[in-house]
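Next come the chains, spelled out residue by residue.
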Protein chains: 2
Amino acid sequence: MTDTLTRSTPVKDGPPVPESALRTHSIGPFEFETGGRLPNVEIAYETWGTLNADRSNAVLILHALTGSTHVAATAADPEPGWWEGLVGPGRPLDTEKWFVLAPNMLGGCYGTTGPSSLDPDGSPWGSRFPFTTIRDSVRAEALLADVLGIERFHAVVGGSMGGARALEWAATFPDRVAGVAVIACGAHSTAEQIAFAQSQTAAIRLDPHFAGGDYYGGPAPEGGLGIARRIAHITYRSEAELQGRFGRSPQPGEDPFGAPVARGGRYQVESYLDHQAGKLARRFDANSYLVLTEALMSHDVGRGRGGEGAALAGVTARAFVAAVDSDRLYWPEQSQELARQLTGSASRAEGRDVPLHLINSPIGHDGFLTDLEQVYPELVQTLEL
Amino acid sequence: MTDTLTRSTPVKDGPPVPESALRTHSIGPFEFETGGRLPNVEIAYETWGTLNADRSNAVLILHALTGSTHVAATAADPEPGWWEGLVGPGRPLDTEKWFVLAPNMLGGCYGTTGPSSLDPDGSPWGSRFPFTTIRDSVRAEALLADVLGIERFHAVVGGSMGGARALEWAATFPDRVAGVAVIACGAHSTAEQIAFAQSQTAAIRLDPHFAGGDYYGGPAPEGGLGIARRIAHITYRSEAELQGRFGRSPQPGEDPFGAPVARGGRYQVESYLDHQAGKLARRFDANSYLVLTEALMSHDVGRGRGGEGAALAGVTARAFVAAVDSDRLYWPEQSQELARQLTGSASRAEGRDVPLHLINSPIGHDGFLTDLEQVYPELVQTLEL
């Protein structure tokens, strides 16, 4: 079937790609940026396509806060991935041509060492898991690339927190990144992003089951994690989308005005958020949510590098910057500013402006997941895919 | 001193007005809209100015979610009020001319009967306090007006949740409201407002001290209330304001990158929100926050009245509608839509258009408190003050 697919006619729903199941590699002991240490870190990843002989066709894809390695369906895991249309035969990252690598972030809960992983004595790290920065995660991913024999990526691509990591890759390892795509993320986490993040971490820590982070073996702090997800999810969606989908409708079978003391029932938007909260609580570890959220708060490409201008001046990669027009958490203006600064970077010496590509979506931030295909042509062109 | 003040030269910081201390009146037993009942409700209020002989000079001011009766300083309480510049000699609501009444909302914790009030046996109502709607609060305020002998208000003025109550007054009691000002509030609570409210109520209920609402006598659920306040406060402020004031600065003396395991210190915006959270937790009852938040979720002037168009067609009051241009919780578009619908209401029969007055403020929703003076002239003119 795949011979009918060409790059000029990308399809969103093709057949599963017969690629890897989740694999894990050790990168050995790891020293964290602010002084933490783990005796061994394993990085989990999925791959698509085949690494060529001179190892020049590797592309790194980096997930968002609660994302996983599962960018696209594989034979081993035919579930659609979170950027299903991007990777596969005939897709922008054509797996006939590119070797795509998607690791789970350091501190996560999809196979990479994180707070729920066991220490050498067999106890979960829990509260002892080190404070992790975006830079820690990028350095861990570089060690994985070393293990896999990948000296340089043709492209590093990420959205939201994945975009923060992609940008850090380009600034930290300019010789290892030929192209970078930073989607729905600016050059640093802003005051508002930090503020919303703090209310989320506070909710998890308030949960009576949190137990200071050492809750494994007991009930998980699902209530707190669910509140964190509710807050986050609202910020990932636009006001117009929530109003258009739900308005003030009551949840079917419930009546917010139906009882005399405790409110009788929920509005539909509450039920929707309850559902989102429950779904995340079942699939994600609360400590990983804390670690990754605080890592995202740390995102600041200019930190310790003489500011953003100086840091981005060192970026030599071809740079692709995109934002969602209705995003009210990672505002397009922040991506616009990043694009402007990258235009002034080393890329400019090669005569390349870095424009902002706008994804037109009414739903808000999550449009970077649902509507990326709108900018596939520009992504392919800029990154020379 | 006051003889030097005239209405044509309003001042913001005049001498305290020698008016009432907090007073309380019983409105007797109260039946709530969805079936709850209290054997006795007391409404607390402050007043400014003197009710004239024919009781035609009364103005009702209604507070926002965590507001109180203290609109402006008095001799009894010289603390500046939350709309300090609005009420007093020479101010838009000139107390030489108007009798201003500001009640605490039903369910609140500033003197009016609420969840922390005692039942006839001397126990706090707590979890037994009835579900309260905006309409319940308006009906309770009308009973207070009856007690005070006020048949009709020259104006009912409110912002945010106070705006919701003001609009309900005008729709419920057209014969008792000659003018209405709805500031920074639309015709109904939207899906987004309900969504952010739900995450706040969930945080309070998650607090291990909440005890199902019956926490009086034990520690208060200050952690949950603090998280609710953090979420709310972010939504009351604009992204630009948070970024301009705080950016990514660390809190002085703290270092977010200063420790190896638990994150070493806070960003300044976190410290700011911690401060806001602590301040509210010390001055507000968590159950009242729940009751009033759920009341605000209930706001929908069209409910049971054949929709908003029909409900607003019954409004005969002179109508003043204002919004803050940078408000991202009570969006100006929602106030614009309310103004449009009011233009089509009974007011129109008198040849009055209802324009939207925009308060120009960079800070977001809270601009309705800090920058109302920008629209004083239009407020005075529209309400014939």
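Rules used in this analysis
Residues numbered from 1 in each chain as written. Chains lettered and ligands numbered in written order. Predicted model: local features only at pLDDT ≥ 70, side-chain atom pairs only at ≥ 80, totals over all residues. Heavy atoms only, no water. UniProt positions renumbered as here; feature names shortened; annotations may be inferred. Helix = DSSP H or I, 4+ residues; strand = E, 2+ residues; numbered from the N terminus. Expected span 1.5 Å × (residues − 1). Buried < 20%, exposed > 50% of the residue type's maximum accessible area, 1.4 Å probe, protein only. Contact = heavy atoms within 4.5 Å. Buried area = accessible area lost by both parts, 1.4 Å probe. Salt bridge = Lys/Arg side-chain N within 4 Å of Asp/Glu carboxyl O. Polar contact = N/O pair within 3.5 Å; in protein donor to acceptor, adjacent residues only side chain to side chain. Least-squares fit on C-alpha atoms with pLDDT ≥ 70 in both. Pairing = 2+ DSSP bridges. Axes fitted to C-alpha atoms, helices over the stretch in contact; angles between N-to-C directions. Core = buried A, V, L, I, M, F, W, Y, C linked by side-chain atoms within 4.5 Å.

An unreviewed UniProt entry lists chain A under the name Homoserine O-acetyltransferase, with Micrococcus terreus as the source organism. UniProt annotates chain A under Sequence similarities (unreviewed entry) with the comment "Belongs to the AB hydrolase superfamily. MetX family." As recorded by UniProt, the Function (unreviewed entry) comment attached to chain A reads in full: "Transfers an acetyl group from acetyl-CoA to L-homoserine, forming acetyl-L-homoserine."

K.L.:
Where do I start with helix α4 (residues 222-236) of chain A in this structure?
P.N.:
Residues that lie three or four places apart on an α-helix share one face, since the helix turns once every 3.6 residues. Here α4(A) spans 20 Å end to end across 15 residues, near enough to the 21 Å set by a 1.5 Å rise per residue. Burial of α4(A) is extensive: 13 of the 15 residues sit out of reach of the surface.

K.L.:
Which parts of the structure should I look at to understand the interface of chain A and chain B?
P.N.:
Taken together, the contact pairs 57 residues of chain A with 57 residues of chain B. The contact between chain A and chain B buries some 4,700 Å² in all, and 66% of this surface belongs to carbon and sulfur atoms. For the chain A face of the interface with chain B, the top three residues by lost area are Leu206(A), Arg248(A) and Phe257(A), together amounting to 15%. The tally of links from chain A across to chain B stands at 6 salt bridges. Residues Arg248(A) and Asp300(B) are paired through a salt bridge, measuring 3.3 Å at the closest nitrogen-oxygen approach. Our count for the chain A to chain B interface comes out at 32 residue pairs in polar contact (both at pLDDT 80 or more).

K.L.:
Hey, could you run me through the UniProt feature "binding site: substrate" (unreviewed entry) in chain A in this one?
P.N.:
Residue and element names in this part refer to chain A. Within this numbering scheme, the UniProt entry marks Arg 229 and Asp 366 as carrying the feature "binding site: substrate" (unreviewed entry). In three dimensions, the annotated residues from a span of 138 residues occupy one location, with a maximal C-alpha spread of 13.5 Å. Arg 229 sits in the buried class, given a relative accessible area of 11%. Not counting the four nearest positions on each side in its chain, Arg 229 is found in contact with Thr 66, Tyr 236, Gln 276, Ala 277, Leu 280, Arg 283 and Tyr 289. Checked against the element boundaries, Asp 366 lands in the loop between β8 (356-359) and α11 (367-370). On the basis of relative accessible area, Asp 366 is assigned to the buried category, the value being 10%.

K.L.:
How should the relation of the copies chain A and chain B be read in this particular structure?
P.N.:
Each of the two copies of the chain can be brought onto the other by a rotation about an axis and a shift along it. Rotating chain A by 180° and translating it 0.0 Å along the rotation axis places it on chain B, where the RMSD comes to 0.0 Å. The symmetry that links the two subunits is that of a two-fold axis. If distances are taken from each C-alpha of chain A to the rotation axis, the shortest is found for Pro208(A), at 2.9 Å. Same-surface contact between copies: 100% of interface residues of chain A are shared with the interface of chain B.

K.L.:
How should the pattern of salt bridges be read in this particular structure?
P.N.:
Oppositely charged side chains may form a pair once their charged atoms are brought near each other. Scanning the entire structure with this criterion turns up 44 salt bridges over all chains. Residue Glu168(A) pairs with Arg135(A) through a salt bridge whose shortest N-O separation is 3.1 Å. Of the two residues, Glu168(A) is situated in helix α2 (residues 161-172) and Arg135(A) in helix α1 (residues 134-148); the sequence distance between them amounts to 33 residues. Since its relative accessible area comes to 17%, Arg135(A) is described here as buried. For the salt bridge of Asp274(B) with Arg266(B), the shortest nitrogen-to-oxygen distance reads 2.8 Å.

K.L.:
How should the sheet that holds strand β6 (residues 179-183) of chain B be read in this particular structure?
P.N.:
Within a sheet, each strand pairs with its neighbour through backbone hydrogen bonds, oriented either parallel or antiparallel. Residues and elements named next belong to chain B. The sheet built from 8 strands is open, its strands ordered β1-β2-β4-β3-β5-β6-β7-β8 with mixed pairing. Looking at which strands have only one partner, the edges of the open sheet turn out to be β1 (23-31) and β8 (356-359). Recorded for the sheet is a direction-independent mean angle of 25° between the axes of neighbouring strands. For β6 and strand β7 (residues 318-324), the ladder comprises 5 bridges, and the chain directions are parallel.

K.L.:
Explain the nonpolar core here, please?
P.N.:
A general tendency of soluble globular proteins is for nonpolar side chains to be buried together. Trp169(A) and Trp169(B) are the most contacted members of the largest nonpolar core, which has 182 residues in total. Sequence-distant contacts of Trp169(A), that is, excluding residues within four places in its chain, are made with Leu60(A), Leu62(A), Val138(A), Glu141(A), Ala142(A), Phe153(A), Val156(A), Pro174(A), Arg176(A) and Val177(A).

K.L.:
Looking at this model, I keep getting lost on unusual backbone geometry. Mind explaining?
P.N.:
Phi is mostly negative for residues that are not glycine, and the peptide bonds are mostly trans. Positive phi, normally seen in glycine, also occurs at Arg55(A), with a value near 55°. Along the chain, the position of Arg55(A) falls in the loop between β2 (37-48) and β3 (58-62). Backbone geometry places Ala184(B), a non-glycine residue, at a positive phi of 55°. By the secondary structure assignment, Ala184(B) is in the loop between β6 and α3 (191-206). Note on Ala184(B): relative accessible area 0%, which makes it buried.

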